[in-house]
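Listed below, chain by chain, are the residues.
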Amino acid sequence: MTAPKDLRRADFTVLRTLPTRWSDDDTYGHVNNVVHYLLFDTAVNGWLIEASGVDIRQLPAIGLVVETSCQYFAELRFPEVVTAGIALEKLGTSSVVYGLALFGAGESPAAAGRFVHVYTDRETRRPVPVPPEIRRALAQL
């Protein structure tokens, strides 16, 4: 298994480009750590909508984020365009674990993390199987 800091773009089946915004930089002159999580969330959910062909917000089951993590290796700064790498670490009955990385201009990741969705019934919030539309999209990973 590749160490997170040694990941490269080629390690990811899906790559999505995301622009940084002026407001993403903090007083220290780099993208604030909370924005890294926003970029992960935007990359995964944007890809799911495109890859599944459905508006995931309208499915009877919703993916709730139950765990995230991030390791930081280099600064990102506005107006840098970030490339988010998305990989599938594990697909369970009701959960999906994504491996993620954020790349700036270089080939080494600025950050690497993971993101766990648990699918629940929209009304009861009880776990349910990953919807078939999402499973079909995940097969691409």
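Being a predicted model, the structure only gives us computed values, none of them experimental.

Conventions adopted
- Residues numbered from 1 in each chain as written.
- Predicted model: local features only at pLDDT ≥ 70, side-chain atom pairs only at ≥ 80, totals over all residues.
- Heavy atoms only, no water.
- Pairing = 2+ DSSP bridges.
- Helix = DSSP H or I, 4+ residues; strand = E, 2+ residues; numbered from the N terminus.
- Axes fitted to C-alpha atoms, helices over the stretch in contact; angles between N-to-C directions.
- Contact = heavy atoms within 4.5 Å.
- Buried < 20%, exposed > 50% of the residue type's maximum accessible area, 1.4 Å probe, protein only.
- Polar contact = N/O pair within 3.5 Å; in protein donor to acceptor, adjacent residues only side chain to side chain.

Participant: For the sheet that holds strand 5 (residues 109-121), give the residues involved together with the corresponding values.
Facilitator: Taking strand neighbours across the sheet as the criterion, the five strands line up as 1-3-4-5-2 in an open arrangement whose pairing is antiparallel. Every interior strand has two partners, whereas the edge strands, strand 1 (14-19) and strand 2 (61-72), have only one. Neighbour-to-neighbour, the strand axes of the sheet open up by a mean angle of 25 degrees, direction not taken into account. Pairing analysis gives nine bridges linking strand 4 (residues 95-103) to strand 5, with the strands arranged antiparallel. Bridging across to strand 5, Y98 finds its partner in F115. Across the sheet, helix 1 (residues 33-52) is in contact with strand 1, strand 2, strand 3 (81-91), strand 4 and strand 5; its angle to strand 5 comes to roughly 55 degrees.

Participant: Provide a residue-level description of the pairing of strand 1, including the pertinent values.
Facilitator: Taking every second residue as pointing to the same face, the buried face of strand 1 carries V14, R16 and L18, while none of L15, T17 and P19 on the other face is buried. Note that strand 1 and strand 3 share six bridges and pair antiparallel. When the bridges of strand 3 are listed, V14 appears paired with I86.

Participant: Residues and numbers for the side chain of S52, please.
Facilitator: Here S52 shows up in helix 1. When its relative accessible area of 16% is taken as the criterion, S52 is described as buried. One polar contact links the side chain of S52 to the main-chain carbonyl oxygen of L48, over a distance of 2.7 Å. Within the local environment of S52, its side chain forms a polar contact with the backbone nitrogen of V54, the two atoms lying 3.2 Å apart.

Participant: I'd love a proper account of the pairing of strand 4, names of residues and values included.
Facilitator: Across the nine residues that make up strand 4, a large majority, eight, are buried. Where strand 3 meets strand 4, eight bridges bridge the pair, whose relative direction is antiparallel. By the bridge assignment for strand 4, I86 is matched with L100. Following strand 3, the chain reverses through three residues before pairing antiparallel with strand 4. Hairpin connection of strand 4 to strand 5: five residues between the antiparallel strands.

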